[in-house]
Amino acid sequence: MLTYYIQTYGCQMNYSDTERMETYLSALGFKKNSNMKKADLIVFNTCSIRQRAEDRVLGQMVRMGDLKKNNKNLIVVVTGCMVRTPSSKYSEKRDNLFNTIKELDVAIKNDELPLLAKLIREVKPNLEIKEIPEETLESYFQIDPTHSSHKSNSQAFIAISNGCDKFCTYCIVPFSRGREKSRPMEQILREAENAVKNGAKEIILIGQTVNSYGLSTYDKAEKTFDYLKKEPFVYLLEELDKLSEIGLERVRFTSSHPKDMSDDLIDAMSRLKTQMPYLHLPVQAGENEVLKRMNRPYTVEQYKEIIRKLREKIPGISITTDIIMGFCGETDEEFETTCKFFEEMEFEHAFLSQYSNRKGTYASKKMKDNVPQKVKHARWHKLNNTLKKTSNKALERFVGKTLKVLVEGQEKDEWFGRSEHYKEVRFKSKKDLLGQIVKVKIDSHDDFRLYGKIAK
Ligand code: 5AD
Ligand code: SF4
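Residues numbered from 1 in each chain as written. Chains lettered and ligands numbered in written order. Predicted model: local features only at pLDDT ≥ 70, side-chain atom pairs only at ≥ 80, totals over all residues. Heavy atoms only, no water.

### Details of the domain arrangement of the protein chain
Okay, so step 1: In terms of domains, the protein chain is made up of domain 1 (3–137), domain 2 (140–396) and domain 3 (402–454).
Okay, so step 2: Taken over C-alpha atoms, the centre of domain 2 sits 25 Å from the centre of domain 3.
Okay, so step 3: In this complex, domain 2 contributes 23 residues to the contact, which on the side of domain 3 involves 21 residues.
Okay, so step 4: A combined buried area of about 1900 Å² lies between domain 2 and domain 3, and 58% of that area is made up of carbon and sulfur atoms. (Domains from an automatic or database assignment. Contact = heavy atoms within 4.5 Å. Buried area = accessible area lost by both parts, 1.4 Å probe.)

### So, the pattern of salt bridges
Okay, so step 1: If you walk through the whole model with that rule in mind, you get 42 salt bridges.
Okay, so step 2: Arg379 is the salt-bridge partner of Asp332, the closest N and O atoms lying 2.7 Å from each other. Linking Asp332 in helix H12 (residues 332–345) with Arg379 in helix H14 (residues 373–396), this pair joins segments that are 47 residues apart in sequence.
Okay, so step 3: For Arg379, a relative accessible area of 6% translates into the label buried.
Okay, so step 4: Glu336 is paired through a salt bridge with Lys382; the nearest N and O atoms lie 2.9 Å apart. In this pair, Glu336 is assigned in helix H12 and Lys382 in helix H14, connecting sequence segments 46 residues apart. (Salt bridge = Lys/Arg side-chain N within 4 Å of Asp/Glu carboxyl O. Helix = DSSP H or I, 4+ residues; strand = E, 2+ residues; numbered from the N terminus. Buried < 20%, exposed > 50% of the residue type's maximum accessible area, 1.4 Å probe, protein only.)

### Thoughts on the site of ligand 2
Okay, so step 1: In the region of ligand 2, the neighbouring residues are Cys164, Lys166, Phe167, Cys168, Tyr170, Cys171, Val173, Pro174, Gln208, Thr209, His257 and Arg296.
Okay, so step 2: In terms of residue class, the shell around ligand 2 is made up of seven nonpolar, three polar and two charged. (Near = heavy atom within 4 Å. Nonpolar A, V, L, I, M, F, W, Y, C, P; charged D, E, K, R; others polar.)

### Some details on the sheet that holds strand S18 (residues 437–445)
Okay, so step 1: Strand order in the closed barrel formed by five strands is S15-S16-S17-S19-S18, and the pairing between neighbours is mixed. The average angle at which neighbouring strand axes cross in this sheet is 55°, direction not considered. (Pairing = 2+ DSSP bridges. Axes fitted to C-alpha atoms, helices over the stretch in contact; angles between N-to-C directions.)

Listed below in structure tokens is the structure:
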């Protein structure tokens, strides 16, 4: 029997796409193989958000050359954000990756998944793969993901949109994933209901800017959501909330964009019982001139106002963010302003990235990547120290409290999971608690985690 192995890099969207690919490959007759060396088809689901992510994938290709020597029938596929043109090595118009990766057989973007069988046949016409009605699949969102990325069924990551319309000047996503398209509401609700029936206690809605669900240029032109009398994302959260009747306890979403953080959405977050006191809201910089250069369509003052409303309506809400340091032209003063803003906002966690020039973006074409690597690195360290301070302060408030923790896994003799505020909590127990929501009394913390004991 033919087997496949998928190596996934990058964000949750890529993991979700991998789960969709698993369903598709098994329909073609492939079986999952946990040993890359023995597989007939190896897929790299790639990320290109920063140069380092791409370098990691390219590093793996040397191994593919060796594996191909041993297995003449091996097919190597690259998918995800590094790909631009769906093609096989025999296609007339091939993706640029074929010029740099000689081991490559097929290149395909994630949302072109229905074309994969055709491209595999171009490379290996005699391979016995099952006929599936790929041409009849209108979109890759119709393919149900396996939800296999997690050890238990208690969590389901559900993609609600793909692509991005925001065009931040530094970001490759609008080019790699294309324009934003929202997935039909019924499809999402059906997948969510099935996941809950299958044991999901938590649903995590994913997309590049989830809170612009239904509002993209494409969605508006298609008028898909015109029948709704309210913001599509708010409606979606309300519908998901009803699944609490069949066992759903938590709904999270990531990432959000400040521009679409409406009052109605904040209100829904405060009143729906499945909504958690947690929001990841990337700000990217805490200085207005830098935000302008980044094409982030809000000011520091507007962002602060959103946070004020959230904290007023949802007391104790935990807010996390993303920051880029060393973006084109960032001066010491501008960076200092971002640091002060970070402390003032008391962000409880953050992904801190040093700016990486991405070919094809506006910044790459029109701006100078003029902050030296050393300075980017020093700025990262400085802000990371601030983050440790704000994180410690945020964790301190939970010591002595009993929290509900959804158990996600075990490492050595310790269980770990997330509290309602999305804090990682670790504790010991001899029982198998995977996938359960348990009460843990917190007794200590380090920079980023809470530790405690099972509460009676
Ligand atoms: N360089 C550094 N960080 C980036 N991000 C996106 N593009 C870049 C880039 N070119 C960061 C942003 C985004 C997160 C997913 O990755 O902070 O929110
Ligand atoms: Fe990239 Fe900006 Fe879109 Fe986020 S909102 S995916 S940073 S372009």
